[in-house]
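Observations on the model geometry
The lines below spell out each chain.
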Amino acid sequence: MTVDVDLVVLATVEDALRLVHELDSTCFEPLFPGVEEVVTKSFILPLRHRSTGIRVDLAIGMSGFEQQAVHRATPVTIGGTRIPVVSIEDLLVMKALAGRPQDDQDIRGLVAAQRDVIDWSACLELAEKLGEAADLDIVGRLRAARIDRP
């Protein structure tokens, strides 16, 4: 439903910076030089899979919300591997919190694909709490994506 892979790992910034220095031995590479600054300021490690070119955004899950979202995740089997997947409500809030233009596009795509299963009251309640804490209009961003729904 989106054109990249978004992962949340429960780690520290120091863990992520160590990972940056070990990427040469993996199938991933930093999305651009100097990625360490993004890790320390935004708590995101943007990567690219070397053989496919697929972008992977690795979020450093240090906030209480991210930790709760990871613990609420439901295991799903993909390609024979069980992977914990966050709820659509948590994913929408994560995208709205990130606030990049690509995230707004992802939100619209996710809402279009999952419209009938989204628990909007829970999603908007969570967005309101986090929006107040972060002084951001997260609810407005989500409501804009479902403009045709009450």
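Presented here is a report on the structure given in the accompanying data block.

Let's shift gears to the overall build of the chain. Of the regular secondary structure elements, the chain holds seven helices and six strands. In sequence order, the secondary structure elements of the chain are arranged as β-α-β-α-β-β-α-β-β-α-α-α-α. Relative to its length of 150 residues, the chain is compact, with a C-alpha radius of gyration of 16 Å against a globular reference of 15 Å. Projected onto the principal axes, the alpha-carbon positions of the chain cover approximately 50 × 35 × 25 Å. Pairs at least 24 residues apart make up 51% of the contacts formed inside the chain by residues separated by at least 6 positions. Just so you have it, the chain exposes about 8,900 Å², and 56% of that area is on carbon and sulfur atoms. Charge-centre separation for the chain: the mean point of 16 positive side chains lies 4 Å from the mean point of 24 negative side chains.

Our next topic: helix 5 (residues 101-114). With 14 residues, helix 5 should cover 20 Å at 1.5 Å per step; its first-to-last C-alpha distance of 20 Å lies within 8% of that length. Every buried residue of helix 5 is accounted for by D103, D106, I107, L110 and V111. The arc that holds every buried residue of helix 5, seen down its axis, measures 135°, which confines them to one face. Opposite its buried face, helix 5 presents the exposed residues P101 and A112, each directed more than 90 degrees away.

Axis separation between helix 1 (residues 13-22) and helix 2 (residues 35-42) bottoms out at 10 Å; the angle between their running directions is 165°. In terms of axis orientation, helix 1 runs roughly antiparallel to helix 2. Judged by the sense of rotation from one axis to the other, the crossing of helix 1 with helix 2 is right-handed. Taken together, the residues of helix 2 that come into contact with helix 1 (itself represented by V13, A16, L17, V20 and H21) are V35, E36, V39 and T40. In terms of residue class, the contact of helix 1 with helix 2 is built from six nonpolar, two polar and one charged.

One open sheet holds the four strands; their spatial order is 1-4-3-2, and the pairing between them is mixed. Both outer strands of the open sheet, strand 1 (5-9) and strand 2 (28-30), are each paired with one neighbouring strand and no more. On average, each strand axis in the sheet is tilted by 35° relative to the strand beside it, whichever way the strands run. Direction of pairing for strand 1 relative to strand 4 (residues 55-60): parallel, over a ladder of five bridges. From the neighbouring strand, D6 faces strand 4, where its bridge partner is D57. Set on the sheet, helix 2 makes contact with strand 2 and strand 3 (44-49); between it and strand 3 the angle comes to about 140°.

Relative to the assigned elements, E89 resides in helix 4 (residues 88-98). For E89, which is buried and forms no salt bridge, the nearest opposite charge comes from R72, at a distance of 7.9 Å. Each residue touching E89, except ones within four places of it in the same chain, is listed here: V117, I118, D119 and C123.

Definitions and limits used
- Residues numbered from 1 in each chain as written.
- Predicted model: local features only at pLDDT ≥ 70, side-chain atom pairs only at ≥ 80, totals over all residues.
- Heavy atoms only, no water.
- Helix = DSSP H or I, 4+ residues; strand = E, 2+ residues; numbered from the N terminus.
- Rg over C-alpha atoms; globule rule 2.2 N^0.38 Å.
- Contact = heavy atoms within 4.5 Å.
- Areas by Shrake-Rupley, 256 points an atom, 1.4 Å probe, with all protein chains shown as cover.
- Lys, Arg positive; Asp, Glu negative; His and termini not counted.
- Charge placed at Lys NZ, Arg CZ, Asp CG, Glu CD.
- Expected span 1.5 Å × (residues − 1).
- Buried < 20%, exposed > 50% of the residue type's maximum accessible area, 1.4 Å probe, protein only.
- Arc of directions from axis to C-beta.
- Axes fitted to C-alpha atoms, helices over the stretch in contact; angles between N-to-C directions.
- Parallel < 35°, antiparallel > 145°, perpendicular 65-115°, else oblique.
- Left-handed = near helix turned anticlockwise from the far one by under 90°.
- Nonpolar A, V, L, I, M, F, W, Y, C, P; charged D, E, K, R; others polar.
- Pairing = 2+ DSSP bridges.
- Salt bridge = Lys/Arg side-chain N within 4 Å of Asp/Glu carboxyl O.

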